[in-house]
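Geometric and topological summary
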Amino acid sequence: MDTAFLSSYPALDNGQGLLVKLQALRLVVFDVDGVLTDGRLLYTEQGESIKRFNVKDGVAMKLLPKWGVQVAVITAKDSAPLRQRMKELKVEHFYPGCHNKAEAFDELVERLGITPDQAAYVGDDVIDLQVMPKVGVALCPADAHVLLQRYCPIILSKAAGEGVAREVADMVLASRMSLEHAYELAQKPEFEK
């Protein structure tokens, strides 16, 4: 466990057993707009949308499965840039254009053979409240909508698109081992393949 890193999260010591819940996670589900991106939608003259992703999140989403924590993305939006990014990161559990996030989440945990309390969900807006009451750990970016901030026991220090997934991954991994040990895998040349 990386107690030095975890000490910057007072919510982990508030008697809700969040540290134990982090250690039990087998799945982390991310929303996209407002979590993995800054939530802005940019359009070209041809009407194509452009999204900006944080490369640090990519490392996190590739590293978690190597330590036994599956990664999923459930998002109401769908676009070519989003599909390309998920393909690059080899996100196996990808639900684009999903308006019933609760149904997608239920199907996913059943397919993976895990319980909802072995999952975390990271979202930023009210649609994400479809899933958050179901999971073991609910998290949101620092600039999430006020209703989510009221609901989430862990409000991250990062704002949307500024490395939210990386912060979540660091928290999950630090609950199990030192971050130095966790990132040994990311230092190997084959990690980027």
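The structure under discussion appears in the preceding block.
The structure contained in this document is the topic of the report that follows. (Residues numbered from 1 in each chain as written. Predicted model: local features only at pLDDT ≥ 70, side-chain atom pairs only at ≥ 80, totals over all residues. Heavy atoms only, no water.)

1. A closer look at the environment of alanine 159
Basically, it comes down to this: Put simply, DSSP H or I for four residues or longer makes a helix, DSSP E for two residues or longer makes a strand, and each gets a number counted from the N terminus. Any two residues having at least one pair of non-hydrogen atoms within 4.5 Å are treated as being in contact.
Relative to the helices and strands, alanine 159 resides in the loop between β8 (154-155) and α7 (164-174). In this structure the C-alpha to C-alpha distance between alanine 159 and tyrosine 43, which are 116 residues apart in sequence, comes to 22 Å. Other than its neighbours up to four places away in sequence, alanine 159 contacts Pro141, Ala142, Asp143 and Val164.

2. Considerations on the packing of aromatic side chains
How two aromatic rings sit relative to each other is set out by the distance from centre to centre and by the angle between their planes. Put simply, the rule reads: Any two rings among Phe, Tyr and Trp, with Trp reduced to its six-membered ring, count as a pair given centres within 6.5 Å; such a pair is stacked if its planes are under 30 degrees apart, edge-to-face if over 60, and tilted if neither. To sort residues, take the accessible area from a 1.4 Å probe on protein chains only and compare it with the maximum for the residue type: under 20% means buried, over 50% means exposed, and anything in between is partly exposed. A ring has a charge above it when a Lys NZ or an Arg CZ is no more than 6 Å from the ring centre and no more than 35 degrees off the ring normal.
Counted under the stated rule, the structure contains one aromatic pair. Their ring planes at 50° and their centres at 5.6 Å tell us that phenylalanine 5 and tyrosine 9 sit as a pair that is tilted. Residue classification places tyrosine 9 among the buried residues on the basis of a relative accessible area of 11%. A cation over a ring is seen here: lysine 62 above phenylalanine 191, with NZ or CZ 5.1 Å from the ring centre.

3. With respect to the pairing of strand β1 (residues 27-30)
Regular strands show a simple pattern: their side chains alternate between the two faces of the sheet. Where we set the bar: Pairing between two strands is assigned when DSSP locates at least 2 bridges connecting them.
Of the two faces of β1, the one holding Leu27 and Val29 and the one holding Val28 and Phe30 are both buried throughout. Summarising the sheet, β1 and strand β4 (residues 70-74) pair through four bridges and their orientation is parallel. Note on β4: the bridge partner recorded for leucine 27 is glutamine 70. Inspection of the sheet shows β1 paired to strand β6 (residues 119-122) by four bridges, in the parallel sense. Across the sheet, the residue bridging to valine 29 is tyrosine 121, located in β6.

Remember, this is a structural readout, not a statement about activity or role.
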